[in-house]
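Close look at the chain arrangement
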Amino acid sequence: MKPVDSKTSPTTSPSAATAIDQGRRDWLGKSARGLAGASLLTLVDPLVRAGAWAAGSDAPEKTEVKIGFIPLTDCASVVMASVLGIDKKYGIKITPSKEASWAGVRDKLVNGELDFSHVLYGLVYGVHLGIGGPKKDMAVLMGLNRNGQAITLSDKLKQAGATDGASLAKVMQTQKREYTFAQTFPTGTHAMWLYYWLAAAGINPMRDAKVITVPPPQMVANMRVGNMDGFCVGEPWGARAIADKIGFTAVTTQQIWTDHPEKVLGTSADFVKANPNTTRAVTAAIIEAGKWIDASVSNRRQTAETIAAKSYVNTDMNIIVDRMLGRYSDGLGKTWDDPNAMHFYQDGEVNFPYLSDGMWFLTQHKRWGLVKEHPDYLAAAKQINRIDIYKQAAAAAGASLPKSENRSSKLIDGVVWDGSNPAAYADGFTVKA
């Protein structure tokens, strides 16, 4: 069944179309003010529902879903959707599944052991293109958070005089040895932030350093025994390194790219095709959970206390809460309140799967030789980022939509990214593989 379109239907007069559009706005206004306990069918605009939903029903095909997560602060909206019972509102039950590594998450998404996962943006794109693992068509359903990662350098480097990118480059040039840095997955966000920051300082990560892959919860222990000079990872492990007095924050990722995309809700394209209603329901529940987290300081504190538990992040609540509230200390004596700390909703800006965000990761994969030829950037982003699913879930959760499917940002090196010419952007860097 085709969706009803008041602009093109030959049986709809202009006055009737106006009335329909006004009715739609009135209905969406009511739903955004809250229809707690209503089914997803009730919450979605009837004109969307009439043609877009499978078999005329919104009933989730699969009512119990397993969602993977890595022990990081930014798994919070997945966990809270379950803990707060928001999932039940949408007719589903979310079971968060704690995973040991991003490689494990990749494998379980590919083989279907996980239905969805809190996952690295670039990991999803890598699997879709067949880099960083087996090739399988994938889907990004929504962004889970922005900002809130950090690059940590060792106290040994601090003693040598390296406290930022410029001084690190100087130390590496004058004190010759092998320098080792860690990221969490070859095509993932942390690898790209690390590479971008090093390159902005004139350090080629492919030639001037050794880069290794370490699961997030193991970063601090590995730095403690001297296995790396620095690492990029999500919180709370940057804060943990400072608390344990083994490292300091050289740069936050929001200083590299303010409001950068980070973790996403990912799944396989096969799962979406077989379970479109379940996919919408899960997406809507997690949008609503992110909205709840961002709504107040007390909600953020409650979230930090919840995810600190052994079954989730397994660290002290006070290690999580400060940076979750934007209260930063870098381990060098500087403290500040960061307006660009981790966010989970921001009037829907966090959650929308912008095409330009997805394409950016592909440009960096090309820059660093992970893909040899330019892919069709826009076609890949349109296939992977399921904006159609997201818009329906956002309507159900009362989330705002941006005006454009692309956005523009200036990164730490002063280069502007807007998605308009990804091939030229990828080829335009001086420091590359």
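Whatever comes next refers back to the structure up there.
In what follows, the accompanying structure is described. Being a predicted model, the structure only gives us computed values, none of them experimental. (Residues numbered from 1 in each chain as written. Predicted model: local features only at pLDDT ≥ 70, side-chain atom pairs only at ≥ 80, totals over all residues. Heavy atoms only, no water.)

1. Concerning the sheet that holds strand 5 (residues 149-154)
Spatially, 7-6-8-5-9 is the arrangement adopted by the five strands of the open sheet, whose pairing is mixed. The sheet terminates laterally at strand 7 (210-213) and strand 9 (247-252), the two strands that pair on one side only. Direction aside, the axes of adjacent strands within the sheet are offset by 25° on average. Inspection of the sheet shows strand 6 (residues 180-183) paired to strand 7 by four bridges, in the parallel sense. Note that in strand 7 the partner of Thr180 across the bridge is Lys210. Against the sheet, helix 10 (residues 189-200) makes contact with strand 5, strand 6, strand 7, strand 8 (230-234) and strand 9, and its axis sits at roughly 145° relative to strand 6, the strand it touches most. (Pairing = 2+ DSSP bridges. Helix = DSSP H or I, 4+ residues; strand = E, 2+ residues; numbered from the N terminus. Axes fitted to C-alpha atoms, helices over the stretch in contact; angles between N-to-C directions. Contact = heavy atoms within 4.5 Å.)

2. A look at the sheet that holds strand 2 (residues 93-98)
The five strands lie next to each other as 2-1-3-10-4, forming an open sheet whose pairing is mixed. Among the strands making up the open sheet, the edge pair consists of strand 2 and strand 4 (138-143). Adjacent strand axes in the sheet meet at a mean angle of 30°, parallel and antiparallel pairs treated alike. Pairing of strand 4 with strand 10 (residues 263-268), which is carried by five bridges, proceeds in the antiparallel orientation. Bridged to Val140 within strand 10 is Gly266. Against the sheet, helix 15 (residues 276-294) engages strand 1 (64-69), strand 2, strand 3 (116-120), strand 4 and strand 10, with an angle of about 30° to strand 4.

3. A look at the nonpolar core
Burial of nonpolar side chains together is a common tendency in soluble globular proteins. Leu168, Ile286 and Trp360 are the most contacted members of the largest nonpolar core, which has 121 residues in total. Setting aside residues up to four positions removed in sequence, Leu168 forms contacts with Leu153, Leu157, Ala162, Phe181, Trp197, Leu198 and Ile203. (Core = buried A, V, L, I, M, F, W, Y, C linked by side-chain atoms within 4.5 Å. Buried < 20%, exposed > 50% of the residue type's maximum accessible area, 1.4 Å probe, protein only.)

4. Details of the pattern of salt bridges
Under the counting rule described, the total for this entry stands at 20 salt bridges. Between Asp316 and Arg240 there is a salt bridge; the shortest N-O distance is 3.7 Å. Residue Asp316 is located in the loop between helix 16 (297-307) and helix 17 (317-324), and its partner Arg240 is located in helix 12 (residues 237-243); the two are separated by 76 residues in the primary sequence. In this structure Arg240 comes out as buried when scored by relative accessible area, which is 18%. Salt bridges sharing common partners tie together Arg224, Arg240, Asp244 and Asp316. (Salt bridge = Lys/Arg side-chain N within 4 Å of Asp/Glu carboxyl O.)

5. Structural notes on empty space enclosed by the protein
Applying the stated criterion to the full structure yields one cavity of 30 Å³ or more. If you add up the space inside the largest cavity, you get close to 80 Å³. For the largest cavity, the lining is made up of 17 residues, of which Gly143, Pro261, Val350, Phe352 and Asp357 are closest to its centre. Those elements giving two or more residues to the lining of the largest cavity turn out to be strand 4 and strand 10. In terms of residue class, the lining of the largest cavity is built from nine nonpolar, two polar and six charged. (1 Å grid on protein atoms, 1.4 Å probe; cavity = no way out; pocket = protein on both sides within 12 Å on 5 of 7 lines; lining within 4 Å. Points joined across faces, edges and corners; volume = space filled by probe spheres on them. Nonpolar A, V, L, I, M, F, W, Y, C, P; charged D, E, K, R; others polar.)

6. Notes on the packing of helix 7 (residues 121-129) against helix 19 (residues 377-384)
Helix 19 packs onto helix 7 with a crossing angle of 110° between their chain directions and a minimal axis gap of 11 Å. Overall, the two elements helix 7 and helix 19 adopt an arrangement that is roughly perpendicular. Only Ala380, Ala381, Gln383 and Ile384 of helix 19 make contact with helix 7, whose side of the interface consists of Val124, Tyr125 and His128. Counted by class, the contact of helix 7 with helix 19 contains five nonpolar, two polar and no charged residues. (Parallel < 35°, antiparallel > 145°, perpendicular 65-115°, else oblique.)

7. Describing the pairing of strand 8
For a regular strand, side-chain orientation follows a simple rule: the groups alternate between the two sheet faces. Counting buried positions along strand 8 gives five out of five residues, so the element sits mostly inside the fold. Residues of strand 8 alternate between two faces, with Gly230, Cys232 and Gly234 on one and Phe231 and Val233 on the opposite face, all of them buried. With five bridges joining them, strand 5 and strand 8 adopt antiparallel strand pairing. Paired with Ala150 across the strands is Val233, a residue of strand 8.

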